[in-house]
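# Per-entry structural report
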Amino acid sequence: MKKILIIIPLFLGGFLFSQKKPVKKPKTAAEKFNYHEEFKKISDEILINSTAYNNLGELTKSVGARFSGTVGYAKAADWAEKNLKEAGAEKVWRQDVKVPVWIRGREYLQIKAANGDWKSIKMLSFGNSEGTDGKDMIADIMMINDVKDLNKLISADVKDKIIFVNYPMDQTYVNPVDAYLSAAKNKLLAASVIGQKGARALIIRSLTTAIDDVPHAKMIVYEPDDKARIPAITIGAKSADELEKLLSKQTVKAKLNMSAQSKGETVNQNIIAEIPGKKDGKIILLGAQLDSWDFAEGAHDDGTGVVQCIEVLRAFKALGLENNHTIRVILYANSENGGQGRDMYAAYVKKKEEKHILALGSDSGGYSPRGFRLDMSPQRRRLIFEWKNYFLPYGVYDFDQTEAIQDVLPLKKLDIPLAEMVVDTQRYFDYHHSTEDTLDKVNKRELLMGTVVMTQLIFMIDKNW
């Protein structure tokens, strides 16, 4: 028995020692370094010392409305240049952009049912819309709810009428951005389509998730060969509901008066600033629109994006983060009624043959961050997926959306990887493009959390790409 007991341990020992050791997989960049501490330092700096919310107060209250082609935009450009320098940008310059000059002027809408009196309705002209030369346009209203109804109509049905398109955002969409984009693409909302059939003007139900009587603006795009560029306006949801009820029972007339007019072009500027890279001149871009509608403070759209981009630069400087690549901020002119600023920058990058490794946009409001849209190659997306666990403590988990929709989009044609911050947008279209988009609608904590994760992403891109 003793011999057997001796042999068994020797046998087992030989068996165990003969097993191959497990092969270790090579560590990814995210595994080689633990970035949790760096993320916490970025978060602490911004949540304690950020100037973003105070800057937003200045932009919305002291500068105010900053529509392209106006004195307000020129004031905003000066403000932006000053604040970027104070944030630590080592180079700040302006890029000339030709923008349209469109003046809203005086405008009003009244409706009258049967033998009733004229009743005023809150309204807003579409940006770049033709006016009525300041004269009253009086005509019967015809309501259309579906594009199928429009296709059935012949010119005789539509001629000399004011067409009311009662097409709401689809409330069944969980993501309001998807609902907005779906509605905005509907050809019912195109004045050209209505005008070609002989209509005199277009009224649309505002694209909003709110049930109130606040009009929400849009930009009109006429086809180049339009012979009849008809006026286009928007009304609030409650007015739209009221008008629908009236039209279901009787004829309703509208009296529309708009002195809106286009006056050629002028020059505004994109404001560009950067911190040069210590390793190379490759560029990581942050972009936001500087302009707002002519009637709006533009707090969420896109004042929050502007101050977040500025704050990223400030945080890098305050923390002494020596960036390998150049970190550049661009604040675009003329996003609301044309997009010339973003197109001009893309043309500039192409001409200069500048190497951009990422362009990050922020134009969805200053709400709680939830993730990033990643409009880039699958290989690049996988690199960012490796960092998910670092972002999760900050409420960021959504890296699945892949389509960029903001001002960085023209850079896609240059094969530049794009990213956009994804936020909780459930309230965004309550205020979007309206007089309600004011500073008091922005929660400071949510604004700063968005800034935190933007800075963290830029930090990770800079260290690992």
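So, how was this worked out
Residues numbered from 1 in each chain as written. Predicted model: local features only at pLDDT ≥ 70, side-chain atom pairs only at ≥ 80, totals over all residues. Heavy atoms only, no water. Pairing = 2+ DSSP bridges. Helix = DSSP H or I, 4+ residues; strand = E, 2+ residues; numbered from the N terminus. Contact = heavy atoms within 4.5 Å. Polar contact = N/O pair within 3.5 Å; in protein donor to acceptor, adjacent residues only side chain to side chain. Axes fitted to C-alpha atoms, helices over the stretch in contact; angles between N-to-C directions.

Alignment of strand β5 (residues 137–144) against strand β9 (residues 252–258), held across four bridges, turns out to be antiparallel. Bridging across to β9, Ala-139 finds its partner in Ala-254.

As a further point, take the environment of His-433. Within the secondary structure layout, His-433 lies in the loop between α15 (428–431) and α16 (444–464). Distance in space between the C-alpha atoms of His-433 and Asn-334 is 14 Å, their sequence separation being 99 residues. Not counting chain neighbours up to four residues away, the residues in contact with His-433 comprise Leu-124, Tyr-180, Pro-215, His-216, Ala-217, Trp-293, Phe-295, Asp-301 and Glu-336. Among the polar contacts made by the side chain of His-433, one reaches the side chain of Glu-336 at a distance of 3.1 Å. At 3.1 Å, the side chain of His-433 forms a polar contact with the side chain of His-432.

In this section: the sheet that holds strand β1 (residues 91–103). Overall, mixed pairing links the seven strands, which are arranged β1-β10-β12-β11-β13-β15-β14 in an open sheet. The sheet terminates laterally at β1 and β14 (369–375), the two strands that pair on one side only. In this sheet, adjacent strand axes meet at a mean angle of 20° when their direction is disregarded. Pairing between strand β11 (residues 283–289) and strand β13 (residues 356–361): five bridges, direction parallel. From the neighbouring strand, Ile-283 faces β13, where its bridge partner is His-356. The sheet contacts of helix α12 (residues 340–352) involve β1, β10 (261–275), β11, β12 (326–332) and β13, and relative to β1 the element is tilted by about 140°.

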